Amino acid sequence: CAEMRGAVAAAGAVAALLGLFTSDCVQGKAAAVGALERLASIEERVAEVPDAEVVRVLVALLKAGAGDVRHKAAGSLKQCVLGGSTSLASFAVADLVSLIAGADPDGRGAATFALGDIVASVGSSGASALAALTAAGLVEGLVRAVRHGETDAGKVAASGLLASLCSTDEARGCAARAGALQALAERLRDPGAASPASRVGSAALAALDRLVAFSDVMVAITAPGLADATAALLRSDGTGGERSRVLRLLEVVAPRSEQLCLALVGAGAIQPLVALLEENGAGSKAASEGEREAT
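Remember, predicted model here, so these are calculated numbers, not experimental data.

Looking at this structure, I do not really get the overall build of the protein chain. What am I missing?
In terms of regular secondary structure, the protein chain is built from 19 helices and zero strands. With 295 residues in all, the protein chain has 49% of them scored as buried. Total accessible area on the protein chain is roughly 13,200 Å²; 54% of this is exposed by carbon and sulfur atoms.

Shown next as structure tokens:
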């Protein structure tokens, strides 16, 4: 019952159970799972278990649990982020993002698994899910992980999650306002990023390609960092598809924003833009227009 779980939590059993669960004792781990799952239940919250402790338990179950335990923990963390209190959501996002950015491969894999399902909800639930994720700090957290992750694998994971998140123009604009376009462009400028062997460069390229795929011209024009992102994509050694898509975007948005044109000049986009136009046989008129914007 809730009263009994509250008494157990108040007696400090959470820490003891976590210690048992993360020990090398197989029998102890198995015995602790059920108790931890009840104490961290989202459907039957126990007031004596603080939000931070609930998340701590769920993250431990996510990392070290197997099979159903891990899936149930991931589902509960999703509830915390999308349907829980502001406090629960913030703690859950902070803990999961720290695992993405950290050096522990098991933690990163577990967090990527959980966050992958969470960000996918933006495509199915739309604005309400995006608002919940934004309020919980997920977008800003992923941008920080792209910039300051301890490992290349963490930067790759964060780039992939940003790409998955940005399935709508609203999400793209939200990510841009959080600095995602600049952060990903920075990764493309890293030494060696242009090499096909660079996982970080490839992930940043794929994410940027997704993030600049705006349908709404006005959302694109007002997206912070669009000039840096398009310049980085134009200079990239991708398959060519990314640069062609950027070219089509610029053909639509550049004539509508003098400020964007000036930003493109400042970002060094004109030379690779003219080269791409010539490479694609876009004609001297389009090339000369690009050159005029630079003067």
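Anyway, onward from the coordinates.
How do you make sense of the environment of Leu115 when you look at a structure like this?
Inspection of the secondary structure puts Leu115 in helix H7 (residues 105-125). Placed 37 residues apart in sequence, Leu115 and Lys78 show a C-alpha to C-alpha distance of 7.9 Å. Beyond its immediate sequence surroundings of up to four residues, Leu115 is in contact with Leu96, Ile100, Leu138 and Leu161.

Help me understand the packing of aromatic side chains in this model?
Overall, the coordinates contain zero aromatic pairs when judged by the stated rule. The side chain of Arg70 reaches across the aromatic face of Phe113, ending 4.6 Å from its centre.

What is the right way to read the side chain of Ser236 from this model?
If you trace the backbone, Ser236 turns up in the loop between helix H15 (226-235) and helix H16 (241-253). In this structure the side chain of Ser236 is engaged in a polar contact, spanning 2.7 Å, whose partner is the backbone oxygen of Leu233. When near neighbours in sequence (up to four residues on either side) are disregarded, Ser236 contacts Leu205 and Arg243.

Help me understand the packing of helix H5 (residues 68-83) against helix H6 (residues 86-101), please; the structure alone is not making it clear to me.
At a closest axis distance of 7 Å, the pairing of H5 and H6 adopts a crossing angle of 125°. As far as their axial angle goes, H6 and H5 are oblique. Handedness of the crossing formed by H5 with H6: left-handed. Contact residues: H5 offers Leu77, Cys80 and Val81, while H6 offers Leu88, Ala89, Ala92, Val93 and Leu96. Split into classes, the residues belonging to the contact of H5 with H6 amount to eight nonpolar, no polar and no charged.

How should the packing of helix H12 (residues 180-188) against H15 be read in this particular structure?
What describes two packed helices is the angle between their axes and the distance between those same axes. Their axes nearest at 8 Å, the elements H12 and H15 cross at an angle of 25°. Regarding the angle of H12 to H15, the classification is roughly parallel. For the pair H12 and H15, the sense of crossing is left-handed. For the pair H12 and H15, the contacting residues are Leu181, Gln182, Ala185 and Leu188 in the first and Leu226, Asp228, Ala229, Ala232 and Leu233 in the second. Considered class by class, the residues forming the contact of H12 with H15 number seven nonpolar, one polar and one charged.

Got a minute to help me understand helix H3 (residues 26-39) in this structure?
For the α-helix, the turn length of 3.6 residues means that residues three or four positions removed from each other point alike. Given a rise of 1.5 Å per residue, 14 residues ought to cover 20 Å, and the 20 Å separating the end C-alpha atoms of H3 matches this to within 8%. For H3, the principal kink sits at Val33 and spans about 30°. Those residues of H3 that sit buried are Gly28, Ala32, Val33, Leu36 and Leu39.

Sorry, what's going on with the confidence of the model for the protein chain here?
Fine structural detail should not be taken from predicted coordinates in areas where pLDDT scores are low. With 86% of its residues at a pLDDT of at least 70, the protein chain reaches an overall mean of 84. Below a pLDDT of 50 lies the segment residues 282-288, which in the model reaches five contacts outside its immediate sequence neighbourhood of four places, other chains included.

Would you mind going over the pattern of salt bridges with me for this structure?
Side chains bearing opposite charge may pair, as long as their charged atoms lie close to each other. One pass over the structure, following the stated rule, counts seven salt bridges. Between Glu186 and Arg147 there is a salt bridge, with its nearest N and O atoms 3.1 Å apart. Here the residue Glu186 occupies a position in helix H12, and Arg147 occupies one in helix H9 (residues 138-148), the gap between them amounting to 39 residues. For the salt bridge of Arg187 with Asp190, the shortest nitrogen-to-oxygen distance reads 2.6 Å. Under the relative-accessibility criterion, Asp190 is labelled partly exposed at 25%.

Is there a simple way to think about helix H17 (residues 258-266) in this case?
Listed in full, the buried residues belonging to H17 are Leu260, Cys261 and Leu264. The buried residues of H17 all sit within an arc of 105° when viewed along its axis, so they share a single face. Exposed and oriented more than 90 degrees from the buried face of H17 are Glu258, Gln259, Leu262 and Gly266. Downstream of H17 by one or two residues, Gly268 has phi in the positive range, about 80°.

What's the story with the environment of Gly160 in this structure? I'm lost.
Position of Gly160 relative to the elements: it lies in helix H10 (residues 152-165). Taking the C-alpha atoms as reference, Gly160 lies 10.0 Å from Arg210; in sequence the two are 50 residues apart.

Quick notes on the rules
- Residues numbered from 1 in each chain as written.
- Predicted model: local features only at pLDDT ≥ 70, side-chain atom pairs only at ≥ 80, totals over all residues.
- Heavy atoms only, no water.
- Helix = DSSP H or I, 4+ residues; strand = E, 2+ residues; numbered from the N terminus.
- Buried < 20%, exposed > 50% of the residue type's maximum accessible area, 1.4 Å probe, protein only.
- Areas by Shrake-Rupley, 256 points an atom, 1.4 Å probe, with all protein chains shown as cover.
- Contact = heavy atoms within 4.5 Å.
- Phe/Tyr/Trp six-rings, centres within 6.5 Å; stacked < 30°, edge-to-face > 60°.
- Lys NZ or Arg CZ within 6 Å of the ring centre and 35° of its normal.
- Polar contact = N/O pair within 3.5 Å; in protein donor to acceptor, adjacent residues only side chain to side chain.
- Axes fitted to C-alpha atoms, helices over the stretch in contact; angles between N-to-C directions.
- Parallel < 35°, antiparallel > 145°, perpendicular 65-115°, else oblique.
- Left-handed = near helix turned anticlockwise from the far one by under 90°.
- Nonpolar A, V, L, I, M, F, W, Y, C, P; charged D, E, K, R; others polar.
- Expected span 1.5 Å × (residues − 1).
- Bend = angle between axes of the 7 residues up to and from the residue.
- pLDDT = per-residue confidence, 0-100.
- Salt bridge = Lys/Arg side-chain N within 4 Å of Asp/Glu carboxyl O.
- Arc of directions from axis to C-beta.

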